[in-house]
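# Tertiary structure, described
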Amino acid sequence: MSDSAFTWRDLAKEKFGEDIDRLAAINAIAPMMDWVMGRLEELRKESALNMSPAVPLAPGSDDEMFGPESA
Amino acid sequence: MTGESPTEVVWPAVDLAGASRLLRSGQASCVELVKAHLHRIDRLNPVLHACITVLADEALDAAAKFDAGLERLQGSLGAPSVAGLPLGFKDNFKTAGVRTTAASRALEHYTPEDDAQVVRLLKEAGAIPIAKLNMDELALGGPFGSGVAGIMVNPWDAQSVPGGSSGGSAIAVSSGMVMAATGSDTGGSIRNPAAWCGVVGHKPSQAVVSIDGIIPVAWSLDTAGYLAHTVDDCILLLAETDTRLLTAAPERRKQFVDSATRPPPRTLRIGVAKSAFAICEEGVREPFAQAVDALDAIGALDEVVLPSLEDALLVLFVVAHSEAAAVWSRELELNPTVFGREIRAGLDAGSIFSARDYVDAQRMRSALRKSVTRLFGQFDLIVMPSLGSTPRPDAFEGGISGPMHPDAHLGGKMTCLWSVTGNPVVSLPCGFTSTERPVSMQMIGPAFRDGSLLQAARAAEAVWSLPRERLVPTWVAQECGVRGPQRSGA
């Protein structure tokens, strides 16, 4: 499924079908969903994420600064 | 207990270490200490709804054993310990043989066979579980839950929620129902309620305290920690549960406590996130400004420019809800109505995000973490508000750590960056508004430097020097007979 072909609203309708209650619940957070999806697209267009690792890393595993407790 | 009643002697004037000394010296009875806390639960819980399950009989049995001397020798090297002290556990920490609901109908009848690792370690150290504590549903929903427990009430403002998700823990500590409590923090769930209830909240570095046996929200973000009255309390609790100390020599734990309770070895380089202070509500700006100014007694203050809090909120939203939707996918499919409406919206949102959305959010997380790592090359400590407002009845509706809205600067935006990066944070009461409501500062340290952070927080606590009695809401103090300084607020 292409990211650009469907909006999150289309996906919600497809996923929750006739369940009016669930659609209403998720529509209640529509401003946040719109903002999140819009900002993600912006970052992709800016290629802002290209140099970042594609896997989640635990703190301390992706840089040299984190070390053992020194207190 | 000699002299005064247990209530007056132990709470709020005496911290965990002080109570430990009283117990171990025989100056206080563990049974009386537990009874005093059960008494406050009896009086206050029907109003505040902090406890889901009260372990009265079990706690009194454990206390009697302690007094009989069976447990008195527990603890290491004669140092203060949590042995004999009544603690509360957020109800998403599994407790063997005790119902663990996470305030959700999805787990309403769930009784685990095993303890979460944190529970087990604290019990092995002699702590006495006295209550399982209320929370936002599954640590992700809003405060109005799905009907397992009552709606939590902020002891400072009966019209407001305590903040979430560890709201019951914050209420119970604030009002003296427990001496300290566990909490879990995925996006601010320890720090937010700690701030709104006027107690100390400690989110350790991610993975320093095991999340094994905690009902998950989001595996890559969940962090276990504590809510307590003082930084010293947090040090004591961390010393018992820091996974790095579990396999170390026994004296290493005492060394950690001794080290963390020393003054910082040098003048601290303190980064002040001025932009975060600027977006606070007007009523809290002045106490924050005064608290920041006072920090020049322990460090050199300079402005720090943080990475985008908005981007951190985005990462948190996508990652937390995607992972939570995976945790609860089966139940969500088979029986969605078992979840409260607030959490279901979040879980449904998580099930809509694509794999690409999730991976890109994690990539952004890595970028944020690198930016923060660079900042800690310049600073030993970063300070910013825990929350930008005093308790509000509406501020936590709708989900994780704050309103689900990108402009929600009063809620989750203050805490989310440090959840995403995994840095340790102490949320520490630092002053009062003109209406005598507590306000709290986040003190953030480099990842895995929890001892250094606690040193710094302890130094700040001494500089601000807020009277313990003033951090007890007036009506609670009157209800429990606490003698404190004159209060101006109601």
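Calculation criteria
Residues numbered from 1 in each chain as written. Chains lettered and ligands numbered in written order. Predicted model: local features only at pLDDT ≥ 70, side-chain atom pairs only at ≥ 80, totals over all residues. Heavy atoms only, no water. Helix = DSSP H or I, 4+ residues; strand = E, 2+ residues; numbered from the N terminus. Buried < 20%, exposed > 50% of the residue type's maximum accessible area, 1.4 Å probe, protein only. Areas by Shrake-Rupley, 256 points an atom, 1.4 Å probe, with all protein chains shown as cover. Core = buried A, V, L, I, M, F, W, Y, C linked by side-chain atoms within 4.5 Å. Contact = heavy atoms within 4.5 Å. Polar contact = N/O pair within 3.5 Å; in protein donor to acceptor, adjacent residues only side chain to side chain. Axes fitted to C-alpha atoms, helices over the stretch in contact; angles between N-to-C directions. Parallel < 35°, antiparallel > 145°, perpendicular 65-115°, else oblique. Nonpolar A, V, L, I, M, F, W, Y, C, P; charged D, E, K, R; others polar. Pairing = 2+ DSSP bridges. Phe/Tyr/Trp six-rings, centres within 6.5 Å; stacked < 30°, edge-to-face > 60°. Disulfide = S-S within 2.5 Å. Left-handed = near helix turned anticlockwise from the far one by under 90°. pLDDT = per-residue confidence, 0-100. Salt bridge = Lys/Arg side-chain N within 4 Å of Asp/Glu carboxyl O.

## A short note on the overall build of chain A
Helix and strand content of chain A: three helices and zero strands. Each helix (α) and strand (β) of chain A, taken in turn from the N terminus, gives the series α-α-α. Expressed as a percentage of its 71 residues, the buried residues of chain A come to 34%. Carbon and sulfur atoms provide 55% of the accessible area of chain A, an area that totals close to 4,200 Å².

## What about the nonpolar core?
Residue and element names in this part refer to chain B. Formed by 171 residues in total, the largest nonpolar core has its most connected members in Leu306, Trp418 and Trp464. Of the residues forming this core, the biggest block, 11 residues, is contributed by helix H13 (residues 309–327). Among all residues touching Leu306, those that are not within four sequence positions of it are Ala273, Leu375, Ile382, Met384, Leu417 and Trp418.

## Considering helix H8 (residues 231–241) of chain B
Residue and element names in this part refer to chain B. By the criterion of burial, H8 is predominantly enclosed, with 10 of the 11 residues buried. Listing the buried residues of H8 in full gives Val231, Asp233, Cys234, Ile235, Leu236, Leu237, Leu238, Ala239, Glu240 and Thr241. Its side-chain oxygen at 3.4 Å from the backbone nitrogen of Asp232, Thr230 defines the N-terminal cap of H8.

## As for the packing of helix H2 (residues 20–27) of chain A against helix H15 (residues 341–352) of chain B
Their axes nearest at 8 Å, the elements H2(A) and H15(B) cross at an angle of 85 degrees. Judged by the inter-axis angle, H2(A) sits roughly perpendicular to H15(B). Contacts from Asp21(A), Arg22(A), Ala24(A), Ala25(A) and Ile26(A) in H2(A) reach Arg341(B), Arg344(B), Ala345(B), Asp348(B), Ala349(B) and Ile352(B) in H15(B). A breakdown of the residues in the contact of H2(A) with H15(B) according to their chemical character gives six nonpolar, no polar and five charged.

## Examining the sheet that holds strand S11 (residues 438–444) of chain B
Through backbone hydrogen bonds, the strands of a sheet pair up, either in parallel or in antiparallel fashion. All names here are of chain B. Strands sit in the order S1-S3-S2-S4-S6-S5-S10-S11-S9-S7-S8 across an open sheet of 11 strands; the sheet is mixed. At either margin of the open sheet sits one strand with a lone partner, and together these are strand S1 (51–54) and strand S8 (299–303). Averaged over all adjacent pairs, the angle separating strand axes in this sheet is 30 degrees, with direction ignored. Helix H12 (residues 282–294) rests against strand S7 (268–272), S8, strand S9 (381–385), strand S10 (425–432) and S11 of the sheet, and its axis sits at about 45 degrees to S11.

## Quick word on the pairing of S11(B)
Residue and element names in this part refer to chain B. Summarising burial for S11: seven of the seven residues are buried, a large majority. Residues Pro438, Ser440, Gln442 and Ile444 line one face of S11 and the alternating positions Val439, Met441 and Met443 line the opposite face, and both faces are buried. Examined bridge by bridge, S9 and S11 share four bridges and lie antiparallel to one another. Counterpart to Val383 in the pairing with S11 is Met443. Where S10 lies against S11, seven bridges are found, and the strand directions are antiparallel. Within S11, the position partnered with Gly431 by the bridge is Val439. Between S10 and S11, which follow one another and run antiparallel, lie five residues, and Glu436 among them has a positive phi close to 65 degrees.

## Describing the packing of aromatic side chains
Residues and elements named next belong to chain B. Following the criterion strictly, the structure yields three aromatic pairs over all chains and no others. Judged by centre distance (5.5 Å) and plane angle (75 degrees), the ring pair of Phe277 and Phe288 falls under edge-to-face. Taken as a pair, Phe277 in helix H11 (residues 274–278) and Phe288 in helix H12 lie far apart in primary sequence, 11 residues in all. Just as Phe277 is buried, Phe288 falls in that class too.

## Digging into the state of the cysteines
All names here are of chain B. Enumeration according to the criterion identifies zero disulfides over all chains in this entry. Cysteine Cys430 remains unbridged, with the sulfur of Cys280 as its closest cysteine sulfur at 9.8 Å. Of the residues examined, Cys430 reaches a relative accessible area of 5% and is grouped as buried.

## What about the environment of Lys15(A)?
Mapped onto the secondary structure, Lys15(A) falls in helix H1 (residues 8–16). The spacing of Lys15(A) and Ala30(A) is 15 residues in sequence and 16 Å in space, taken between C-alpha atoms. If we ignore the near neighbours within four places in the chain, the residues touching Lys15(A) are Ser351(B) and Ile352(B).

## Some thoughts on the packing of H13(B) against helix H16 (residues 355–378) of chain B
Residue and element names in this part refer to chain B. Two elements in contact, H13 and H16, have axes whose closest approach is 9 Å; the angle formed by their N-to-C orientations is 135 degrees. For the element pair H13 / H16, the angle class is oblique. Considering the relative orientation of H13 and H16, their crossing is left-handed. Facing H13, whose interface residues are Asp311, Ala312, Leu314, Val315, Val318, Val319, Ser322 and Glu323, H16 presents Asp357, Tyr358, Ala361, Gln362, Met364, Arg365 and Leu368. Each residue belonging to the contact of H13 with H16 can be placed in one class, and the counts come to nine nonpolar, two polar and four charged.

## Overview of unusual backbone geometry
Residue and element names in this part refer to chain B. A cis geometry characterises the amide bond from Gly164 onward to Ser165, with omega recorded as 15 degrees. Turning to its location among the elements, Ser165 is positioned in the loop between strand S3 (128–133) and helix H6 (167–174). If you check the backbone angles, Ala207 has positive phi at about 80 degrees while not being a glycine. For Ala207, a relative accessible area of 55% corresponds to the exposed category. Even without glycine at this site, Ser465 takes up a positive phi of about 50 degrees.

## Regarding the confidence of the model for chain A
For chain A, per-residue confidence averages 72 on the pLDDT scale, and 59% of positions sit at 70 or higher. pLDDT under 50 marks residues 62–71 of chain A. Its contacts with residues more than four places away, or in other chains, come to 30 contacts.

## Thoughts on the pattern of salt bridges
Any two side chains of opposite charge can pair, so long as their charged atoms come close to each other. Residue and element names in this part refer to chain B. This structure, assessed with the given rule, holds 25 salt bridges over all chains. One salt bridge connects Asp242 with Arg244, and the closest N-O pair in it is separated by 2.8 Å. A relative accessible area of 1% places Asp242 in the buried class. A relative accessible area of 30% means that Arg244 is categorised as partly exposed. With a shortest N-O distance of 2.5 Å, Glu436 and Arg470 are connected by a salt bridge.

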